[in-house]
Amino acid sequence: KLTMEGRFSSAIEVLDEAMRLDPANTQVRKLKKFVRNKQEEKRRDERVANLIQIAEKAVASEDLVSALACLNEAREHNPNFPGLEDAITKLQQEKQRQEVIAAVLLQAAEFSNRGDYPSALETVTVALSKDPENPKLLGAHASLTKLAESVLRKSKAEQITAMARN
């Protein structure tokens, strides 16, 4: 009964007392081993639940590397914990998605630094077609669009000025 209530320490104390009264009782020994296993299982599950909470906080602060490390450690403690494998898979996919976005933004920045605004804008536009809700891509697209329009207006103004001089 104590074991079913999760009161493992009390159950072990009762079983220790039973073993003192009847040291040869194999059923008491088996039951004590069972209770210790359940106690260890509960500790593992508590550790896994704690690691999942830490991972959730890391995700909230966009630290996906730490979150994945926590979930992988949780898997070491209990690979069969409900929902753990799905959480790891989703987090790995999100991490890969963010890495792709970072690479796209870096490439767009390189184009932009060289003054190749159309290529920068095209790079971000292609990425947006795959992830249209991404705020980083949306922000980059808006900034690059304004920058490209500004450069185009300046270029046209210079052309008109040059034509007027001739």
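Our structure's up above, just so we're on the same page.
How each quantity is defined
- Residues numbered from 1 in each chain as written.
- Predicted model: local features only at pLDDT ≥ 70, side-chain atom pairs only at ≥ 80, totals over all residues.
- Heavy atoms only, no water.
- Helix = DSSP H or I, 4+ residues; strand = E, 2+ residues; numbered from the N terminus.
- Axes fitted to C-alpha atoms, helices over the stretch in contact; angles between N-to-C directions.
- Parallel < 35°, antiparallel > 145°, perpendicular 65-115°, else oblique.
- Left-handed = near helix turned anticlockwise from the far one by under 90°.
- Contact = heavy atoms within 4.5 Å.
- Nonpolar A, V, L, I, M, F, W, Y, C, P; charged D, E, K, R; others polar.
- Expected span 1.5 Å × (residues − 1).
- Polar contact = N/O pair within 3.5 Å; in protein donor to acceptor, adjacent residues only side chain to side chain.
- Buried < 20%, exposed > 50% of the residue type's maximum accessible area, 1.4 Å probe, protein only.

Caption draft 1: Structural context of the environment of Val65. Relative to the assigned elements, Val65 resides in helix H3 (residues 64–77). Residues Val65 and Leu91, spaced 26 residues apart in sequence, show a C-alpha to C-alpha distance of 9.3 Å.

Caption draft 2: Looking closely at the packing of helix H1 (residues 8–21) against helix H2 (residues 26–60). Where H1 contacts H2, the two axes come as close as 10 Å, and the packing angle between them is 165 degrees. Considering the angle they form, H1 stands roughly antiparallel to H2. In the packing of H1 onto H2, the handedness of the crossing is left-handed. Taken together, the residues of H2 that come into contact with H1 (itself represented by Phe8, Ser9, Ala11, Ile12, Leu15, Asp16, Ala18 and Met19) are Val28, Arg29, Leu31, Lys32, Val35, Arg36, Lys38, Gln39 and Lys42. Grouping the constituent residues of the contact of H1 with H2 by class yields 9 nonpolar, 2 polar and 6 charged.

Caption draft 3: Summary view of unusual backbone geometry. You will see that Glu62, though not glycine, has its phi angle at about 60 degrees, which is positive. Along the chain, Glu62 turns up in the loop between H2 and H3.

Caption draft 4: Here's a closer look at H2. With 35 residues, H2 extends 51 Å from end C-alpha to end C-alpha; this agrees with the ideal 51 Å at 1.5 Å per step. Buried-residue contacts for H2 involve H1, H3 and helix H4 (84–113). Measuring from the side-chain oxygen of the N-cap residue of H2 to the backbone nitrogen of Gln27 gives 2.9 Å; that N-cap residue is Asn25.

Caption draft 5: Structural view of the side chain of Asp131. Tracing the chain through its elements places Asp131 in the loop between helix H5 (117–130) and helix H6 (135–165). Taking the relative accessible area as the measure of exposure, Asp131 reaches 15% and is therefore buried. Polar contacts involving the side chain of Asp131 include one to the side chain of Arg97, which spans 2.3 Å. Excluding residues that lie within four positions of it along the chain, Asp131 makes contacts with Arg97, Ile101 and Leu137.

Caption draft 6: Region of the structure containing H4. Here H4 contains 30 residues, and its C-alpha end-to-end distance of 43 Å stays within 8% of the 44 Å for a straight helix at 1.5 Å per residue. Those residues of H4 that sit buried are Leu84, Ile88, Leu91, Ile101, Val104, Ala108, Phe111 and Ser112. Those residues of H4 hidden inside the fold are in contact with H2, H3, H5 and H6. Just downstream of H4, Gly115 is the residue with a positive phi angle, here 85 degrees.

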